[in-house]
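Listed below are the residues making up each chain.
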Amino acid sequence: MHPLPFLLLSIRGEDEAADDEYQAFMRFAGLDATGMRRIRLTHESLGSIDLGDWSGIILGGGPYNVSDPPESKSTTQQRVESELFALIGRMVDDDFPFLGCCYGVGTLGTVIGASIDRSYPEPVGGMSITVTGAGRDDPLFAETPDVFDAYGGHKEAATTLPTIAECLATSPQCPVQAFRVGENVYATQFHPELDLDGIDVRLNAYKNHGYFAPESAEELKIEARQWNVRYPHSILRRFVERYSRDT
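Bear in mind that the values here come from a model prediction, so they are computed numbers and not experimental data. (Residues numbered from 1 in each chain as written. Predicted model: local features only at pLDDT ≥ 70, side-chain atom pairs only at ≥ 80, totals over all residues. Heavy atoms only, no water.)

## Observations regarding the pattern of salt bridges
1) Next: Within this structure, the stated rule accounts for 15 salt bridges.
2) Next: When the shortest N-O distance is used, the salt bridge between K73 and E81 registers 2.8 Å. There is no split in this pair, since K73 and E81 are both buried.
3) Next: With a shortest N-O distance of 3.4 Å, E241 and R237 are connected by a salt bridge. Linking E241 with R237, this pair stays in helix α7 (residues 232-243), spanning 4 residues, or about one helical turn.
4) Next: Accessibility expressed as a relative area gives 28% for R237, which makes it partly exposed. (Salt bridge = Lys/Arg side-chain N within 4 Å of Asp/Glu carboxyl O. Buried < 20%, exposed > 50% of the residue type's maximum accessible area, 1.4 Å probe, protein only. Helix = DSSP H or I, 4+ residues; strand = E, 2+ residues; numbered from the N terminus.)

## Observations regarding the pairing of strand β1 (residues 6-10)
1) Next: Of all 5 residues in β1, 5 are buried, a share of seventy percent or more.
2) Next: Burial along β1 is two-sided: F6, L8 and S10 facing one way and L7 and L9 facing the other are all buried.
3) Next: As defined by bridge partners, β1 adjoins strand β3 (residues 56-59) across 4 bridges and the pair is classed as parallel. The residue of β3 that forms the bridge with L7 is I57. (Pairing = 2+ DSSP bridges.)

## Section: unusual backbone geometry
1) Next: The phi torsion at D95 lies on the positive side, around 50°, for a residue other than glycine.
2) Next: With respect to the helices and strands, D95 occurs in the loop between α2 (75-94) and β4 (98-101).
3) Next: The exposure class of D95 is partly exposed, given its relative accessible area of 24%.
4) Next: For C102, which is not glycine, the phi torsion reads 70° and is therefore positive.

## A look at empty space enclosed by the protein
1) Next: Within this structure, the stated rule accounts for 2 cavities of 30 Å³ or more.
2) Next: Each pocket or cavity is described by its volume, and for the largest cavity that value is around 150 Å³.
3) Next: Taken together, the elements giving at least two residues each to the lining of the largest cavity come down to β7 (147-154) and α5 (196-205).
4) Next: In terms of residue count, the dominant contributor to the lining of the largest cavity is α5 (3 residues).
5) Next: The residue makeup of the lining of the largest cavity, split by class, is 8 nonpolar, 5 polar and 2 charged.
6) Next: Within this model, the second largest cavity holds a volume of roughly 70 Å³.
7) Next: Every residue lining the second largest cavity is listed: G62, Y64, N65, C102, Y103, G153, H154, K155, E156, Q189 and Y211.
8) Next: Along the lines of polarity and charge, the residues of the lining of the second largest cavity split into 4 nonpolar, 5 polar and 2 charged. (1 Å grid on protein atoms, 1.4 Å probe; cavity = no way out; pocket = protein on both sides within 12 Å on 5 of 7 lines; lining within 4 Å. Points joined across faces, edges and corners; volume = space filled by probe spheres on them. Nonpolar A, V, L, I, M, F, W, Y, C, P; charged D, E, K, R; others polar.)

So this is what it looks like as structure tokens:
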């Protein structure tokens, strides 16, 4: 008997950002490369995924937005979204353990019929997250206080959720910061894997991607240091502890 690994799906084409993301997910989940495998969807097709081979699946964030105008999407982005929509649809149907971080709101939200648009963007940096009543009862948020700091940054978000989804967290600038479908399918708008070092890497990697004025990158790094980001990482660890299973 040995534990089935978790699978991280990455949409980051930049090696430094992708590798830093992978290391952060492993570190805060308490796993090594044996316990968390990775597929870089910018570099290879998803292929055939047998859910029975995995304890759970995690989707990281990146520069893609499902609400991008269709004519602006690269062939790679179109392929990635097609593959993800099909896989996420299967996970929703099977109530299979899934945690989508940032881009997970757009992809899971699209699959379940949420309204995904540009109404509630947030700049890269710190944000104050408030746990809802439903979130207070959710096992992944058991170690967070009612209000906690997190790092994030996004162009699109969920404006409304369908009745099959429970909103677990919110923020002053973004009404849906986390939600759950069924018992085991999750998405967070904030990044539970991000720490201060990770913020620096992301700001360097994406300063020309339209999230913020490139010349403001150093100022944003300074501002990020004003936030006390301690609790989001527990969400990753609890996801792994809850869903880890043996062959």
